Amino acid sequence: MRCNPRYEILFEPVRIGPVTAPNRFYQTPHATGMGHQKPQSGAALRGIKAEGGWGVVSTEYCSIHPSSDDSPFGFLTLWDEDDVRDLARTADAIHAHGSLAAVELWHGGAHTNNRLTREQLLAPSAQPAKFVQPGGARAMDRQDINDFRRWQRQAAIRARRAGFDIVYCYAGHDYLPFQFLSRRTNRRTDEYGGTLENRVRLLREMIEDTKEAVGDSCAVAVRLAVDELHGPHGITHEGEGRDVVEMLAEVPDLWDVNIAGSLGNDSKSSRFSSEGFQEDYVGFVKRLTTKPVVSVGRFTSPDTMADQIRRGVQDFIGAARPSIADPFLPKKVFEGREDEIRECIGCNICRAANNESVPLRCTQNPTVGEEWRRGWHPEQVDAKRSEARVLVVGAGPAGLECALTLGRRGYGVMLAEAANTLGGRVSREATLPGLGAWARVRDHRLHMLTKQARVEIYPGSRLGAEDVLSLGVDHVVLATGSSWRRDGVGASIEMPVDFPASPSILTPDDIFAGAAVIGPVLVYDDEHYFMGGALAEKLRLAGHKVTIVTPLPVVSSWTQMTDEQFFVQKQLMEVGIDLLLSHSLTSATDGIAEFACAYTGRVTWREFGTLVLVTGRIADQALFDALCATTGSGESFPSITRIGDCLAPSSIADAVHSGHKFARCLDQPTEATMPLRERPFYSTGAKPWNALQHVADPVVPSAKSAASRSALGNS
Ligand code: ADP
Ligand code: SF4
């Protein structure tokens, strides 16, 4: 099937310097939490993107030298020949599907850690380290600048040997070349500081050096933050950001532009930004250059994408998160299946994976990060291995995903849901301020279930143990979810608090069920993800006086992992919510709640009309207990398995993954369901990575011609 003519423009080839992209879908660099320690996982992930139709597939940040070491986060390295060998897997996996492979060469300057290598941090001018840690960066002298230029050239040559087609000069996200650009961080008085012309010098030299090194066969891309959102003291899209593009307009082969004082600005969650949110900042770039331009903006709608191209905003549709949520997005558009796109919900759980130094995970796509270690393909599942019939109880994210994946495998499935509406927690949570896009978790699955003839859905069907057993199925999957606790037990309070039963002490479940709320409202958050802050905001917007109290020093602390915490706290303060930080709830009676300071134990109190407890959750396993009591261990009874929040309350992403895993593993031999682990290998030791040692690069055959390499092999 051919694509809708409206979208044909997205499938035009685009020339980038000496190479040509087969279409306009460009997977921009994004972190994976895998990095140099998980090369097979990384190769498989990128290979799947290429298979899904992304015309350009980029790596994550790839260090050019040990003085740029982001350990323990997942970053790539091109420091030596072992790295060339590892990254050749990625380039090969991308080429296997006819796409171009791009590598984001990176030096972090003062914006990294060097915890592993213990090299000194480098910066244009002496300054404290950007990550809060003792110590700082030293100002680069002339020799350092020469070294840096050499490292970039050497890494570019290695990148070409590994098989990459596009090599980046990375001047974004506050990393070293950007630190030279910005007046905030560049206080030099030599020819690399002062005027903008001087501050641009290093980036210009980098591009020219990289072109000289590999420009005959590789395109040289620049990734530039055109606005660092620091106001007039920094780079702005109306000021020096624009001037930089003007000065270098025709020098690189491609411009990859974004906003970024930090990663949180560039990959803003849907709670704080909408599709295409960067256009106001980056829209000017195409008017200043004839070179192709790419940018991002959480694009998931092919209409918006085609519109971006037609209006001349950019030449490529850049995507990181949309390509994670649906690696097959381009192919679905090409085949006229745009209704099947699994749209990113903008929750930033993918960012959390990198911030926690573990492989990528995604709320919408349970297969991401599992391509190599579990062999999961986003579009393919093994056919059923039996005629077993399965009952799934509960149509929240876990139950919906489980039923859908079982259906795709060909199993006969009954999906029973107590409520008249489907979606479980997602349907409730998507009503919170800014979280409307989260409903896509439900809507995508409900839509795809309409295509599964063997899955029957029964809303309004609360099942008891007898009902379940009367259905005579072979497997029962319980996805009955969880409830918020009423006893105060949360992340920091381990012993239950003796609250009186009172209509003024509520949980989030009560609020969603429509319980009366009387002000003033105290929201006590000892869960620390989105619920406390989002509920407080909802109640404030409803006109109540609201105070949020939390035992930690910041609100919604875990949203630091999703790069949202700053925006959450700012938002709560701006709508007029009072904050009481570092205080634990000790008692609540007669409209008075007492709190103890987390450090001194000193007691303070607040009056409340309503106290909302956002603490722990308890699995809803009454049906499981009843079934176990009825069936004992009799062999004629069905297997009973809990998934999602009913097994262990967690994120929506974990619920989806849990449902998916059950469906993938049903009837599979146990050993086939165990994930592989990547192991450290013995280095060839061919080239030590001593910081200042310059060793000529040996010539090895291009990875493109290394036919013996398997694109997705696991050896
Ligand atoms: P998860 O995140 O694990 O998918 P949710 O809480 O979102 O969990 O969804 C659980 C769903 O299970 C809810 O929609 C709830 O109404 C439903 N449910 C709970 N108990 C029963 C039952 N006995 N019969 C049918 N549905 C049930
Ligand atoms: Fe999008 Fe959330 Fe998946 Fe990230 S985790 S790609 S933000 S759906």
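Given the structure is predicted, the values throughout are model-derived calculations rather than measurements. (Residues numbered from 1 in each chain as written. Chains lettered and ligands numbered in written order. Predicted model: local features only at pLDDT ≥ 70, side-chain atom pairs only at ≥ 80, totals over all residues. Heavy atoms only, no water.)

Points about empty space enclosed by the protein
Gaps left between atoms are located by rolling a probe of water-molecule size over the structure's atoms.
Now for step 1: Per the stated rule, a full pass over the model turns up five cavities of 30 Å³ or more.
Now for step 2: Counted as a void, the second largest cavity has a volume near 130 Å³.
Now for step 3: Lining the second largest cavity are 16 residues, and of these Gly35, Pro39, Leu76, Leu87 and Thr90 lie nearest its centre.
Now for step 4: Residue assignment for the lining of the second largest cavity shows that the elements contributing at least two residues are α1 (39-51), β4 (56-63), β5 (76-77) and α2 (81-95). (1 Å grid on protein atoms, 1.4 Å probe; cavity = no way out; pocket = protein on both sides within 12 Å on 5 of 7 lines; lining within 4 Å. Points joined across faces, edges and corners; volume = space filled by probe spheres on them. Helix = DSSP H or I, 4+ residues; strand = E, 2+ residues; numbered from the N terminus.)

Remarks on the domain arrangement of the protein
Now for step 1: Split by domain assignment, the protein resolves into domain 1 (5-376 + 688-714), domain 2 (389-481 + 620-667) and domain 3 (486-618).
Now for step 2: Between domain 2 and domain 3, the contact holds 13 residues from the first and eleven residues from the second.
Now for step 3: Here domain 2 packs against domain 3, burying approximately 1,000 Å² in sum over the two surfaces, 68% of which is carbon and sulfur.
Now for step 4: Counting the contacts that link domain 2 with domain 3 gives one salt bridge.
Now for step 5: Between Arg617 and Asp645 there is a salt bridge whose closest N-O contact spans 3.5 Å.
Now for step 6: The tally of links between domain 2 and domain 3 comes to two residue pairs in polar contact (both at pLDDT 80 or more). (Domains from an automatic or database assignment. Contact = heavy atoms within 4.5 Å. Buried area = accessible area lost by both parts, 1.4 Å probe. Salt bridge = Lys/Arg side-chain N within 4 Å of Asp/Glu carboxyl O. Polar contact = N/O pair within 3.5 Å; in protein donor to acceptor, adjacent residues only side chain to side chain.)

Looking at the site of ligand 1
Now for step 1: By nearness alone, 21 residues border ligand 1, and Ala398, Glu417, Arg425, Leu463 and Asp645 come closest of all.
Now for step 2: Within the backbone of Ala398, an N or O atom sits 2.8 Å from an oxygen atom of ligand 1.
Now for step 3: The protein chains hide 91% of the 580 Å² of surface that ligand 1 would expose on its own.
Now for step 4: Considering only residue class, the shell around ligand 1 consists of nine nonpolar, eight polar and four charged. (Near = heavy atom within 4 Å. Areas by Shrake-Rupley, 256 points an atom, 1.4 Å probe, with all protein chains shown as cover. Nonpolar A, V, L, I, M, F, W, Y, C, P; charged D, E, K, R; others polar.)

A look at the site of ligand 2
Now for step 1: Taken together, 13 residues sit near ligand 2, with Cys344, Cys347, Asn348, Cys350 and Cys362 positioned nearest.
Now for step 2: Every element with two or more residues in the shell around ligand 2 is listed here: α11 (321-325) and α13 (349-355).
Now for step 3: Along the lines of polarity and charge, the residues of the shell around ligand 2 split into eight nonpolar, four polar and one charged.

Focus: the sheet that holds strand β26 (residues 603-607)
Now for step 1: The three strands are arranged β24-β25-β26 in an open sheet whose pairing can be described as antiparallel. What marks the edges here is a single partner per strand, and that holds for β24 (583-589) and β26. With direction set aside, neighbouring strand axes in the sheet form an average angle of 25°.
Now for step 2: Where strand β25 (residues 592-597) and β26 come together, five bridges link them in antiparallel fashion. Its bridge partner being in β26, Ile592 is matched across the sheet by Glu607. (Pairing = 2+ DSSP bridges. Axes fitted to C-alpha atoms, helices over the stretch in contact; angles between N-to-C directions.)

Brief notes about the pattern of salt bridges
Now for step 1: Following the criterion strictly, the structure yields 45 salt bridges and no others.
Now for step 2: In this structure, Arg153 engages Asp209 in a salt bridge whose closest nitrogen and oxygen atoms are separated by 3.5 Å. Separated by 56 residues along the polypeptide, Arg153 in helix α3 (residues 142-162) and Asp209 in helix α5 (residues 196-214) bring together distant segments of the chain.
Now for step 3: On the accessibility criterion, Arg153 (28% relative accessible area) is partly exposed.
Now for step 4: Among the residues examined, Asp209 registers a relative accessible area of 6% and is labelled buried.
Now for step 5: Between Glu574 and Lys570 there is a salt bridge, with its nearest N and O atoms 3.7 Å apart. (Buried < 20%, exposed > 50% of the residue type's maximum accessible area, 1.4 Å probe, protein only.)

As for the side chain of Thr236
Now for step 1: On the secondary structure map, Thr236 appears in the loop between β11 (219-227) and α6 (240-248).
Now for step 2: Excluding anything up to four places from it in sequence, Thr236 contacts Val226, Asp227, Gly231, Gly241 and Arg242.

What about the packing of aromatic side chains?
Now for step 1: This model, assessed by the stated rule, comprises 17 aromatic pairs.
Now for step 2: Both rings, one in Phe25 and one in Trp54, keep their centres 5.7 Å apart while their planes meet at 90°; by these two values the pair is edge-to-face. Highlighted residues: Phe25 in strand β3 (residues 25-27) and Trp54 in the loop between α1 and β4, separated in sequence by 29 residues. Each of the two residues, Phe25 as well as Trp54, counts as buried.
Now for step 3: Relative to Tyr175, the ring of Tyr170 lies with its centre 5.3 Å away and its plane at 70°, an arrangement referred to as edge-to-face.
Now for step 4: Judged by its relative accessible area of 4%, Tyr170 is buried.
Now for step 5: Overall, Tyr175 belongs to the buried group, its relative accessible area being 6%.
Now for step 6: Clustering of aromatic rings is evident, with ring pairs tying together Tyr61, Phe75, Trp79, Trp106, Tyr170 and Tyr175.
Now for step 7: In this structure, Arg374 packs its charged tip against the face of Trp376, placed 5.3 Å from the ring centre. (Phe/Tyr/Trp six-rings, centres within 6.5 Å; stacked < 30°, edge-to-face > 60°. Lys NZ or Arg CZ within 6 Å of the ring centre and 35° of its normal.)

Quick notes on the nonpolar core
Now for step 1: With 74 residues, the main nonpolar core has Leu10, Leu78, Leu105, Leu181, Leu224 and Trp255 as its most contacted residues.
Now for step 2: Here Leu224 is in contact with Ala171, Leu181, Gly241, Val244, Val245, Trp255, Asp256, Val257 and Asn258, once residues within four sequence places are set aside.
Now for step 3: One finds Ile345, Ala439, Met531 and Val568 within the second-largest nonpolar core, a separate group that totals 36 residues. (Core = buried A, V, L, I, M, F, W, Y, C linked by side-chain atoms within 4.5 Å.)

Side note on the packing of α2 against α3
Now for step 1: Where α2 contacts α3, the two axes come as close as 8 Å, and the packing angle between them is 45°. By the criterion of interaxial angle, the relationship of α2 to α3 is oblique. Remark: the crossing between α2 and α3 carries right-handed chirality. Across the interface between the two elements, Glu81, Val84, Leu87, Ala88 and Ala91 from α2 touch Arg158, Arg161 and Ala162 from α3.
Now for step 2: In terms of residue class, the contact of α2 with α3 is made up of five nonpolar, no polar and three charged. (Parallel < 35°, antiparallel > 145°, perpendicular 65-115°, else oblique. Left-handed = near helix turned anticlockwise from the far one by under 90°.)

Looking at unusual backbone geometry
Now for step 1: In the segment running from Ser71 into Pro72, the intervening peptide bond is cis, with an omega of 10°.
Now for step 2: For the bond running from Gly519 to Pro520, omega is -5°, close enough to zero to count as cis.
Now for step 3: Here Pro520 lies in the loop between α18 (508-512) and β21 (521-525).
Now for step 4: Even without being glycine, Ser582 reaches a positive phi, approximately 60°.
Now for step 5: Residue Ser582 is classed as buried on the basis of its relative accessible area of 11%.
Now for step 6: Not every positive phi belongs to a glycine, and Asp667 is a case in point at roughly 65°.
Now for step 7: Here Asp667 lies in the segment after α22 (652-665).

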